[in-house]
Amino acid sequence: MAVTTSGKDKVLRWTRIYVSGYDLSGDARTFGSLDNSFAEVDFTGWSEAVRNYLADGHRVVGVRGFQALMNDTSGRAFDRLKAANTAGRLSICFGGGGEPSAGDPAYHLPSIQMMAPQGLDGSAAAITADFIPDARQVSTLTNNPMGVVLRGPTSMSSTVTASSSNSHDNGGATTSGWSAILHVLSTSSGNFAFKIRHSSDDSSWSDLGTFTANGSAVTSELLTGSGTVNRYVAFNAARTAGTGTVVVPFARNLGLNS
């Protein structure tokens, strides 16, 4: 059944950042911007009274000015961000009154970290990072970073089916493809088959894509697809053994004029 979104209640307390399978939210301080724009091309003629424009067709995306505490514990911010020029997968999810869950807004990016300067924020040691699209991962199937959470950071100890996992209602089908990122945050002998499924009626489901990762190790994975995405989309995890916690944001691609 499609989830009902929680509305105007997204605050910093419940914002989460996941970098290549690691939750860095406990060290996060701020970020500057989640870029999503086009450059302007001036199409104004001599005799026109109003300047008019078209987009140049190249979407600018990236996370700028992310700052975190310099926590050097294994798996925390300094440990994960200290090396610049590092490829990965990044997701920022906006929970509504609690941890991000199905239907909450998300921004995701097949990323490369371009900087790792350290300094002081007041008296606190901090590390800063910018994340921009990684040319080795980006394709025409990753042209839109804005999407929704399909699975929030809740432990799984049994199979999660599309029909029971709070599907997201996109309002209609699209035909330009899609992208999703899987973050495996923790595992205890986890063995799952992770899928994205879609439906035209929120009842009969078919596979949209299947992740390679099986939940046995902390990791992240980008999954993309072309063609039609039906109105309803959901996460599916068929359990063979163990437990695990994953996060999955999903975005449908947009045409230039969408």
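To keep things clear, this report deals only with the structure shown in the data block.

### Focus on the overall build of the protein chain
- Helix and strand counts for the protein chain stand at 1 helix and 15 strands.
- Rg of the C-alpha trace for the protein chain: 19 Å, near the compact-globule value of 18 Å for 258 residues, within the 12% margin.
- Along the first, second and third principal axes, the C-alpha set of the protein chain runs to 70 × 55 × 35 Å.
- A burial count over the protein chain gives 44% of its 258 residues as buried.
- Long-range pairs, those at least 24 residues apart, make up 77% of the contacts in the protein chain between residues at least 6 apart in sequence.
- For the protein chain, the accessible area works out to roughly 12100 Å², and carbon and sulfur atoms hold 49% of it.
- Both charge centroids of the protein chain, one from 19 positive and one from 20 negative side chains, sit 5 Å from each other.

### What about the layout of surface pockets?
- In this structure, the largest pocket occupies an estimated 200 Å³ of space.
- The wall of the largest pocket is formed by Leu12, Arg13, Thr15, Arg16, Ile17, Ser25, Ala28, Arg29, Thr30, Phe31, Phe66 and Ile92.
- Secondary structure elements with two or more residues in the lining of the largest pocket: β1 (10-19) and β3 (28-30).
- The greatest single-element share of the lining of the largest pocket, amounting to 5 residues, is contributed by β1.
- For the lining of the largest pocket, a count of residues per class yields 6 nonpolar, 3 polar and 3 charged.

### Quick notes on unusual backbone geometry
- Positive phi, normally seen in glycine, also occurs at Asn85, with a value near 60°.
- In this structure, Asn85 sits in the loop between α1 (77-81) and β6 (86-96).
- Exposure remark for Asn85: the relative accessible area of 57% places this residue in the exposed category.
- Positioned with a positive phi, Ser189 is a non-glycine residue whose angle comes to about 55°.
- Inspection of the secondary structure assignment puts Ser189 in strand β12 (residues 178-199).
- Judged by relative accessible area, Ser189 falls into the exposed class, the value being 63%.

### Examining the nonpolar core
- Judged by nonpolar contacts, the single largest core of 22 residues is most densely connected at Phe194, Ile196 and Phe250.
- Looking at this core, the elements that each hand over two or more residues are β10 (146-151), β12 and β15 (232-252).
- Of the residues forming this core, the biggest block, 7 residues, is contributed by β12.
- Non-local contacts of Phe194, meaning those with residues more than four positions away in its chain, are made with Met156, Leu182, Gly209, Thr210, Phe211, Ala213, Asn214, Gly215, Phe235, Asn236, Ala237 and Val246.

### Quick word on the side chain of Asp27
- Secondary-structure assignment places Asp27 in the loop between β2 (22-23) and β3.
- For Asp27, a relative accessible area of 3% puts it in the buried group.
- In this structure the side chain of Asp27 is engaged in a polar contact, spanning 2.9 Å, whose partner is the side chain of Arg76.
- Here Ala77 takes part through its backbone nitrogen, which lies 3.1 Å from a polar atom of the side chain of Asp27.
- Non-local contacts of Asp27, meaning those with residues more than four positions away in its chain, are made with Gln67, Ala68, Leu69, Asn71, Arg76 and Ala77.

### A few points about the environment of Glu221
- Within the secondary structure, Glu221 is located in strand β14 (residues 219-225).
- Apart from the residues within four sequence positions on either side, Glu221 is in contact with Arg89, Ala180, Ile181, Leu182, Phe211, Thr212 and Ala213.
- Among the polar contacts listed, one links the side chain of Glu221 to the backbone nitrogen of Ala213, at a separation of 2.8 Å.

### Considering the pairing of β15
- In terms of burial, β15 is a largely internal element, 16 of the 21 residues being buried.
- In terms of strand pairing, β10 meets β15 through 3 bridges, oriented antiparallel. Residue pairing for β15: Arg151 is matched across the bridge by Val248.
- Where strand β11 (residues 168-169) lies against β15, 2 bridges are found, and the strand directions are antiparallel.

Cut-offs and rules
- Residues numbered from 1 in each chain as written.
- Predicted model: local features only at pLDDT ≥ 70, side-chain atom pairs only at ≥ 80, totals over all residues.
- Heavy atoms only, no water.
- Helix = DSSP H or I, 4+ residues; strand = E, 2+ residues; numbered from the N terminus.
- Rg over C-alpha atoms; globule rule 2.2 N^0.38 Å.
- Buried < 20%, exposed > 50% of the residue type's maximum accessible area, 1.4 Å probe, protein only.
- Contact = heavy atoms within 4.5 Å.
- Areas by Shrake-Rupley, 256 points an atom, 1.4 Å probe, with all protein chains shown as cover.
- Lys, Arg positive; Asp, Glu negative; His and termini not counted.
- Charge placed at Lys NZ, Arg CZ, Asp CG, Glu CD.
- 1 Å grid on protein atoms, 1.4 Å probe; cavity = no way out; pocket = protein on both sides within 12 Å on 5 of 7 lines; lining within 4 Å.
- Points joined across faces, edges and corners; volume = space filled by probe spheres on them.
- Nonpolar A, V, L, I, M, F, W, Y, C, P; charged D, E, K, R; others polar.
- Core = buried A, V, L, I, M, F, W, Y, C linked by side-chain atoms within 4.5 Å.
- Polar contact = N/O pair within 3.5 Å; in protein donor to acceptor, adjacent residues only side chain to side chain.
- Pairing = 2+ DSSP bridges.

These results come straight from atomic positions and should not be treated as a statement about function.
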